[in-house]
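Notes for the structure review
If you want the building blocks of each chain, they are given just below.
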Amino acid sequence: MGCNCNKNKKTTPVQETSPAPAQQATPSFRQEEIKKPETLVESVKQKMTMMQTFASAIASRGFNNEKVTIPMKQLRVASCFGNQQQGGVLPPCEHLKQSTTPGKFFCGGCGCGDRKGTWLVADGDEYSKLDYPRLNCPLQMPGFSNYEKSKQDEANSPITRRYYIEQLPYTEIEKIQVKTFDPPVKPTEQSKQ
């Protein structure tokens, strides 16, 4: 029979405070501006910094056409191109520009311009900009040499692309297909014998 002690108690249904993970809304991403120099001195400093980072990238390539690791290149591709082609929600960087050469893209934020040496991804065994072991991004995104971890406010909606990439599981980054080609191996004295 029971004691009926809960007879007069009102029950309220449990309310969900957030949708199930599969139903969560697509995040909105904030636009990231690249600070433009306001004075002549700032402009000269910016140009000097660009020359230094370019020289650093060239030096990192070395004489053997060394390239960045595959996981690092995958992060760079996510930072520039997003992950929508892999079924994700991250859009391409707003500074990604289409080249006048069909199928090629370059960074419109770093000031390098549109030419073969600045295309982010190359064909075949050609060397692309994203292949350099040392490479800076004007937004300091993941995968680049000057990467800076997102600040706490970047998690507030609209979130930054950098914060979103930092939250991606590595298995999602691994889905990004990248081409890397090893430089030809030079024969050693032992292999000649």
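Below or above, wherever it landed, is the structure these notes cover.

Cut-off values and rules
- Residues numbered from 1 in each chain as written.
- Predicted model: local features only at pLDDT ≥ 70, side-chain atom pairs only at ≥ 80, totals over all residues.
- Heavy atoms only, no water.
- Helix = DSSP H or I, 4+ residues; strand = E, 2+ residues; numbered from the N terminus.
- Buried < 20%, exposed > 50% of the residue type's maximum accessible area, 1.4 Å probe, protein only.
- Contact = heavy atoms within 4.5 Å.
- Phe/Tyr/Trp six-rings, centres within 6.5 Å; stacked < 30°, edge-to-face > 60°.
- Lys NZ or Arg CZ within 6 Å of the ring centre and 35° of its normal.
- Salt bridge = Lys/Arg side-chain N within 4 Å of Asp/Glu carboxyl O.
- Expected span 1.5 Å × (residues − 1).
- Disulfide = S-S within 2.5 Å.
- Lys, Arg positive; Asp, Glu negative; His and termini not counted.
- Polar contact = N/O pair within 3.5 Å; in protein donor to acceptor, adjacent residues only side chain to side chain.

For histidine 95, the position within the fold is in the loop between α2 (70-81) and β1 (96-98). Classification of histidine 95 by relative accessible area gives buried; the value is 15%. In this structure histidine 95 touches Glu32, Ile34, Phe106, Cys107, Gly108, Gly109 and Leu139, once residues within four positions along its chain are discounted.

With that settled, the discussion passes to the packing of aromatic side chains. Aromatic rings in a pair are described by how distant their centres are and how their planes are angled relative to each other. Under the counting rule described, the total for this entry stands at three aromatic pairs. With a centroid separation of 5.3 Å and 85° between ring planes, the pair formed by phenylalanine 29 and tyrosine 164 is classed as edge-to-face. Residue phenylalanine 29 is found in the segment before α1 (40-61), and its partner tyrosine 164 is found in helix α3 (residues 161-167); the two are separated by 135 residues along the sequence. Given a relative accessible area of 17%, tyrosine 164 falls into the buried group. Look at phenylalanine 81 and phenylalanine 105: their rings are 5.7 Å apart centre to centre, the planes differ by 90°, and that puts the pair in the edge-to-face class. Within this pair, whereas phenylalanine 81 is found in helix α2, its partner phenylalanine 105 is found in strand β2 (residues 105-107), the two being separated by 24 residues in sequence. The lysine or arginine in question, arginine 76, covers the ring of phenylalanine 144, its NZ or CZ lying 5.4 Å from the ring centre.

With that settled, consider the pattern of salt bridges. For the structure on display, the rule yields seven salt bridges. The residue glutamate 172 makes a salt bridge to lysine 175 at a minimum N-O spacing of 2.9 Å. Overall, the relative accessible area of 46% leaves lysine 175 in the partly exposed class. Counted as one network, the salt bridges with shared partners bring together Lys67, Lys73 and Asp131.

Between its first and last C-alpha atoms α1 spans 32 Å; for 22 residues at 1.5 Å apiece the expected length is 32 Å, and the two agree. Where α1 ends, the next residue or the one after it, glycine 62, has phi of about 65°, a positive value.

Moving on to the state of the cysteines. All chains considered together, the criterion is met by zero disulfides. Looking at the unpaired cysteine 110, the closest cysteine sulfur is the one in cysteine 112, lying at 3.3 Å. Since its relative accessible area comes to 17%, cysteine 110 is described here as buried. The partly exposed category is assigned to cysteine 112, whose relative accessible area is 24%.

This next bit is on the side chain of arginine 76. With respect to the helices and strands, the residue arginine 76 is situated in helix α2. For the buried arginine 76, no salt bridge exists, and the shortest N-O distance to an oppositely charged side chain is 7.0 Å, to aspartate 131. Engagement of the side chain of arginine 76 in a polar contact is seen with the backbone oxygen of proline 133, the distance being 3.2 Å. Arginine 76 has contacts with Val68, Leu130, Asp131, Tyr132, Pro133, Arg134, Leu135, Pro142, Gly143, Phe144 and Ser145, leaving out every residue within four places of it along the chain.

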